[in-house]
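Structural description and commentary
Chain residues, written in single-letter form:
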Amino acid sequence: MAVDASDLQDIGSDGHDIVGKGSILDAFEEADEVKELIKSLKNIYTDQISVEIAVERFTVIVDNYQEQPHLLDPHLQCFLDELLALARDSDTPPALSHLAFKCMYLLTKSYLDVSDKSRDAAAYCLSKFLTRPDVKKEKLPAFLDWCLTVMTKADRETMPGMTVLSGVLSTLALLFKHGKREDLVSYAPVVLDRLSALTVTTTNNTILRKQNIKLIQRLGLTFVKARIATWRYQRGSRSLLDNLKKTQQSPADVSTVTQGDEDYDIPEEIEEVIDQLLIGLKDKDTVVRWSAAKGVGRITGRLPQELADQVVESVLELFSLSETDGAWHGGCLALAELGRRGLLLPERLPEVVPVVIKALGYDEKRGSYSVGAHVRDAACYVCWSFARAYEPDVLQSHVNDIANALIIATVFDREVNCRRAASAAFQENVGRQGTFPYGIDILTTADYFAVGNRTNTYLNISVYVAQYPEYTVALIDHLVKVKLNHWDGVIRELASKALHNLTPKAPEYMAKTVVPFLIPFATGIDLNYRHGSVFALAEITHALYNIALDNNKTVMDFLDKSSIEGLKNITVKMHEAKMFRGLSGEIMRPAVCKFIGKLSLSKLPYHDDSVTELWQTLLDDNIQFGHQFADQRIQDNALSALPSLCNEYYRQNNGLVKPGIQDKVISKYLSELKSKEETSKMGFALALGSLPKFMVAGKFTEVMSGLVQATHINQQDAAKMVEARRDAVKALTCLCTTMGVDSNGSPNHIICKDNILSLYEAYFLAMNDYTLDSRGDVGTWVREASMTGLYELTTMTVKADPNLISEHICKKVFCCLIQQSAEKIDRTRSHAGEILLRMLYFDDPPIPNVLHRDKLMTIFPRSDLKELNWGASSDTFPKITQALSCPTYRYSLLLGLTVSVGGLTESLVKHSSQSLLTYLRSLSNNQESMTTFADTVVMVFEEYQKVDRVSIPMLKMLDILLTNGCFEIFTQREEHFLPVKLLELCKKEIEKSGDPQKLLASIDVFCGLIVFSGVVRAKSLSQLMLFLCHKYPKVRKTTANKLYESLLTYDEIVDPEKLDDVLTILSETQWDEPVRDIRPIRNNLCDLMEIKKPIIKAGTKAKKTETKDEDEMASYKDLVTRLGY
Amino acid sequence: MGLLTILKKMKQKEKEVRLLMLGLDNAGKTTILKKFNGEDIDTISPTLGFNIKTLEHRGFKLNVWDVGGQKSLRSYWRNYFESTDGLIWVVDSADKRRLQDCKQELHSLLLEERLAGATLLVFANKQDLPGSLPSEEIRQALELDEIKSHHWMICGCSAVTGDNLLLGIDWIIDDIASRIFTMD
């Protein structure tokens, strides 16, 4: 015995205190006691008094933790194991196992108000326990009472309150699930009553509402007897065993529908239950609706036919336009559940099918988006369940409607899950019903994977399905009436493209019905439909034109006069109604540009009609202002429509341009090219580039020089106009391709020997565009466009007359490309490299005068044309550096390499510098070739002196070369030109420079230069001494560090006896102290190292001393901002 | 909650099993299915496409897919939400000439990713015909012992008389159930 009576008394009162104190317990202190208690049960169960005491004690302890059951967690396993061992042991006397269960019951009850999974387990455990025949009598009523009290008392405003309520509800639901109906039926009304009083449906907690519906459903099931509705629709005999046992081959019983006259005892409460469930179907959360739908299905199965029919009736009422999307979804789920259970009798189908088909297309606009994907998905579920539920002959009369609706959903739904669901439902129907027209063929094409890609379903699968006449018109009509008016612009455009592809399947229908139908909508008041219709009319007309072309007809053979007139008037009406303004204008503009382009392509008979003038104005307007809108396609569409318009309406039969037009268009465009607005400059440059040949003929020189002018960098707004320059280069290339090459032609008509040089010069100049702005090296766009231009121009010229490509041009082209293919931006390098190889291997005919062609071809074998990944620096640099051995390209290549070797990206620097070092090693100290290399380095440095883009990387590269001992060969001869020159260039570079990056980079170079004995070393050291007292503390510190390292690396620079002192000074001085404190130390260092002390120039000294203190701080601040600390 | 989730849930709750019945043409797949379904087996023509039948057996819901044996129809069973739990490979035991074909088809089928893990039941059908090979010989001819990737069993049967059909189905259900359904 564990506790005696007096102890219990004490603890009992203590227990009250603890409960009163609430959640102040922080551990389960009585763990051992409880364990003892459980163990003792075995010994005491016969003693009535001891048992009572033990149970009492157990209750008190567990009750204490009612608020904090998580404290029990660590011990729960152990308790349950003990209890279960007792209960399971078959030798245990009934009284003992009863006791064990009692403890378990107490334990689980306290777990109902936690919020994790253990609550579910507790609920399950309790429900199983309480429905045991031996327990239910004495415990069940008390427990239900407890539940109802907790339920009513629970405060639904607080989290713990909701958790408790949810625990209780789920226990009750499970209880009514597991319990026998007869035992529970008497309690059901009161539970239902209390539950309704709670009005859980209004709470915001989804879980609670779901538990509520679940419990109501179970209560409902308790009210009515479990039975299989005799009236339900049954589809044949389904039991495998029965079927196999049949001796003779008799056809299966088909759909037995019998009326049951049995006694149905339907309590009143069932009405309340069904009401609640129907409300649950409309809930805003899916889980609740789903639970309600299952409830409706289950309960309806137990009702007499008459009542069941009323349920179906009520479910159908959910499908009204005044109901929310949630109600539609719930309704679909309920229909599917009913159908699956055979509770939707075939007689109801004529009513149900139209509703389901409506739901398959459900899409409710909500501002700029819409809802309804879940409804459509659920409607697919209904179709899927119908396929399983009914015999083919029952569905036969609805097959066409369902098949069409499912196909439309499979092909044209916006959401991938709906397309897949529809496709699955279609498959189920094909497999089980076998009556869907061409089901198998369609299914093979529109399978689960194929419908994943929307563009594919719209443009290809729809065409495949439309070949079957059962579906053609339905597909077209759906697009025309629904999808062209879709809220999503992407869908509208896709739909119009789909209509283009579908036109060949029904040209007459399109021309005679669809086009006249759509014309009014193109200028109607609904913006979406207007946009969709204009797009669609453009696409359909063009498709009709293509069909006509194949049959030697014209588009006028399809379209009647009024349609042609109607199409013409669309733009006129829009212009008059000012439909291109504002936000709606932004949507309409790309559509109208496309429309103009397509109608021009389709050769509609509007020649010499004033409408073409309007079109020209509209296109010009969009070219000019297109960029003001976020939509890039406005300008694109306008630009691509322009050549079509010119080709069709500005050309005379003799191929020449109609008089008057050319001047008007070209002079307008050329003057706009000088605009101050970058966007209109861009637009009109591209517009000039897109003009067809006959429009430019006779004015080529003028147009060309206008464009070339536009590629030049104007110093005032270099950064601003970079995109305009890019587009001018692009346009120039376009124009070149349109005009063609003839070496003896007239420069006003064609590229010839008189103007080709100026074209090349324009491209070469554009290759030097290194404009920087906040976006980085934006000049790269111009350079890339220029490289493309060089390729196009060169290959085109070579085809016409290889002699036009002089050695000078060819050399320059290759130098440009090689330089770019060693530079740092991966994308630009790829672009350059690919063009380089394509030109190298161009053989139609080969480009003449390529210098070092053989060497280049050895470095880059033909296979590199396809395989070399120029973007990867690890692949590119080992190859391109080998070209350093070609004298012609050495300079350009080194220029490009410098930027990469001295760059910032780790992998880029690593691979480019390693490749360069490998190349230099391969020269194996050949004095002559090293000298030429050194010459080139000096040349580049001289050329780009003070040009930071190159000179800073140059300093970094020199550091790498020096530290790797690449120039060791020159150390033997005193006063070699290279170190002298480098020193001179470096000093010049940092002269008057306040750029910390540059200064820091130069420190490394000076430290590297001290290997060269004699005057170079002396001068470098004195420069470093100057740096030791530089105004930037960071420079002083870095110099000290680097010098320290260098002195350790190279011997014999300082007298070995003094070396230790020098090193100590270098390492132990606080170099960021004020300059005036450091100067004596530095001077001491100079003495030790036998360097002349730097003398402050008289002029500057005076100035410096005056401003020193503030200068100190100012310079430091300056440095901080520059380095970005 | 989309159709996909509903189907998944339903499958677990109602113990649905998806069986795919495949084999060369004229092996007797449709006959077996009709026999299962208690339909008349006197008039059967080559299956173009597929049939799906749902049967109840021992508390399981069997969705049996009978897919035409022609090569062109292979794409059906590759698709769709419900993955295949069991494969019933039907062999015409009397068609000795095509056993080699049959073996190749079966082995290439088992490489299909979507059939990974599916239980394989081989029905050596048409045992009632004189001259048909016993299942032991079919087993060797099809090199069934080579199959390590799937649980399998071979079972001689006759769709016409119904012999052994139940035995095979019982085995495949047991095997599948032990794999996919957990105790409630």
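Our subject in this report is the structure included herewith. Quick caveat, the model's predicted, so the values are computed rather than measured. (Residues numbered from 1 in each chain as written. Chains lettered and ligands numbered in written order. Predicted model: local features only at pLDDT ≥ 70, side-chain atom pairs only at ≥ 80, totals over all residues. Heavy atoms only, no water.)

**Concerning the packing of aromatic side chains**
All names here are of chain A.
- Inspection of the entire model under this criterion finds 19 aromatic pairs over all chains.
- Here the aromatic cluster, defined as three or more aromatic residues joined through ring pairs, consists of Trp290, Tyr381 and Trp384.
- Over the ring of tyrosine 448 we find arginine 420, and its NZ or CZ is 4.2 Å from the ring centre. (Phe/Tyr/Trp six-rings, centres within 6.5 Å; stacked < 30°, edge-to-face > 60°. Lys NZ or Arg CZ within 6 Å of the ring centre and 35° of its normal.)

**A few points about the sheet that holds strand β6 (residues 152-156) of chain B**
- The strand order across the open sheet built from six strands is β2-β3-β1-β4-β5-β6 (chain B), with neighbouring strands paired in mixed fashion. In this open sheet, the two edge strands, each paired with only one partner strand, are β2 (50-57) and β6 of chain B. Ignoring strand direction, the axes of neighbouring strands in this sheet form an average angle of 20°.
- Sheet analysis places strand β4 (residues 86-92) of chain B next to strand β5 (residues 119-125) of chain B, joined by seven bridges and oriented parallel. Across the sheet, the residue bridging to valine 90 of chain B is phenylalanine 123 of chain B, located in β5 of chain B.
- Sitting on the sheet, helix α21 (residues 416-433) of chain A touches β2 and β3 (60-67) of chain B, and the angle it makes with β2 of chain B is about 80°.
- Of the strands in this sheet, β1 (16-22), β2, β3, β4, β5 and β6 of chain B are in contact with helix α5 (residues 165-180) of chain B, which crosses β5 of chain B at around 175°. (Pairing = 2+ DSSP bridges. Helix = DSSP H or I, 4+ residues; strand = E, 2+ residues; numbered from the N terminus. Axes fitted to C-alpha atoms, helices over the stretch in contact; angles between N-to-C directions. Contact = heavy atoms within 4.5 Å.)

**Details of the side chain of serine 602 of chain A**
Residues and elements named next belong to chain A.
- Summarising the element assignment, serine 602 is placed in the loop between α29 (582-601) and α30 (610-625).
- Residue serine 602 is classed as buried on the basis of its relative accessible area, which comes to 1%.
- Serine 602 has contacts with Thr541, His542, Tyr545 and Val555, leaving out every residue within four places of it along the chain. (Buried < 20%, exposed > 50% of the residue type's maximum accessible area, 1.4 Å probe, protein only.)

**Regarding the pattern of salt bridges**
Residues and elements named next belong to chain A.
- Within this structure, the stated rule accounts for 51 salt bridges over all chains.
- A salt bridge links arginine 414 to aspartate 488, with the nearest nitrogen and oxygen atoms 2.7 Å apart. Taken together, the residues arginine 414 in the loop between α20 (399-412) and α21 and aspartate 488 in the loop between α24 (469-481) and α25 (489-502) connect sequence positions 74 residues apart.
- The partly exposed category is assigned to arginine 414, whose relative accessible area is 23%.
- In this structure, aspartate 663 engages lysine 699 in a salt bridge whose closest nitrogen and oxygen atoms are separated by 2.7 Å. Residue aspartate 663 is located in helix α32 (residues 661-673), and its partner lysine 699 is located in the loop between α34 (693-696) and α35 (700-711); the two are separated by 36 residues in the primary sequence.
- What makes aspartate 663 partly exposed here is its relative accessible area of 46%.
- Residue class for lysine 699 comes out buried when judged on its relative accessible area of 16%. (Salt bridge = Lys/Arg side-chain N within 4 Å of Asp/Glu carboxyl O.)

**Here's the deal with helix α1 (residues 3-13) of chain B**
- Among the residues making up α1 of chain B, those that are buried are Leu3, Ile6, Leu7, Met10 and Lys11 of chain B. The buried side chains of α1 of chain B occupy one side of the element, clustering within an arc of 130° when seen end-on. With respect to the buried face of α1 of chain B, the exposed residues turned more than 90 degrees away are Lys8 and Lys13 of chain B.
- As for α1 of chain B, its buried residues are in contact with α14 (286-300), α16 (325-340), α18 (373-389) and α21 of chain A together with β1 and α5 of chain B.
- Downstream of α1 of chain B by a residue or two, lysine 15 of chain B has a phi angle that is positive, lying close to 50°. (Arc of directions from axis to C-beta.)

**Looking at a positive patch on the surface**
- A cluster of basic residues, Lys128 and Lys177 of chain A together with Lys9 and Lys13 of chain B, forms a positive patch at the surface.
- Tracing the backbone through its elements, the reader meets lysine 9 of chain B in helix α1.
- The exposure class of lysine 9 of chain B is partly exposed, given its relative accessible area of 46%. (Patch = residues over 30% accessible without salt bridge, like charges linked within 9 Å, V, L, I, M, F, W, Y side chains within 5 Å. Areas by Shrake-Rupley, 256 points an atom, 1.4 Å probe, with all protein chains shown as cover. Lys, Arg positive; Asp, Glu negative; His and termini not counted. Charge placed at Lys NZ, Arg CZ, Asp CG, Glu CD.)

**Some remarks on unusual backbone geometry**
Residues and elements named next belong to chain A.
- Cis geometry marks the peptide bond from aspartate 844 to proline 845; its omega dihedral reads -10°.
- Phi angles above zero are rare outside glycine, and asparagine 552 is one such case at about 55°.
- By the element assignment, asparagine 552 lies in the loop between α27 (527-550) and α28 (561-576).
- Residues other than glycine seldom take positive phi values, yet asparagine 849 does so here, at roughly 65°.

**A few points about the packing of helix α26 (residues 507-522) of chain A against α27 of chain A**
All names here are of chain A.
- Close contact between α26 and α27 brings their axes to 9 Å; oriented N to C, the two are set at 150°. Taken as axis vectors, α26 and α27 run roughly antiparallel relative to one another. Here α26 runs over α27; the crossing is left-handed. Between α26, through Pro507, Met510, Ala511, Val514, Val515, Phe517, Leu518, Ile519, Phe521 and Ala522, and α27, the contact on the second element is made entirely by Tyr529, Arg530, Ser533, Val534, Ala536, Leu537, Ile540, Leu544 and Ile547.
- In terms of residue class, the contact of α26 with α27 is built from 17 nonpolar, one polar and one charged. (Parallel < 35°, antiparallel > 145°, perpendicular 65-115°, else oblique. Left-handed = near helix turned anticlockwise from the far one by under 90°. Nonpolar A, V, L, I, M, F, W, Y, C, P; charged D, E, K, R; others polar.)

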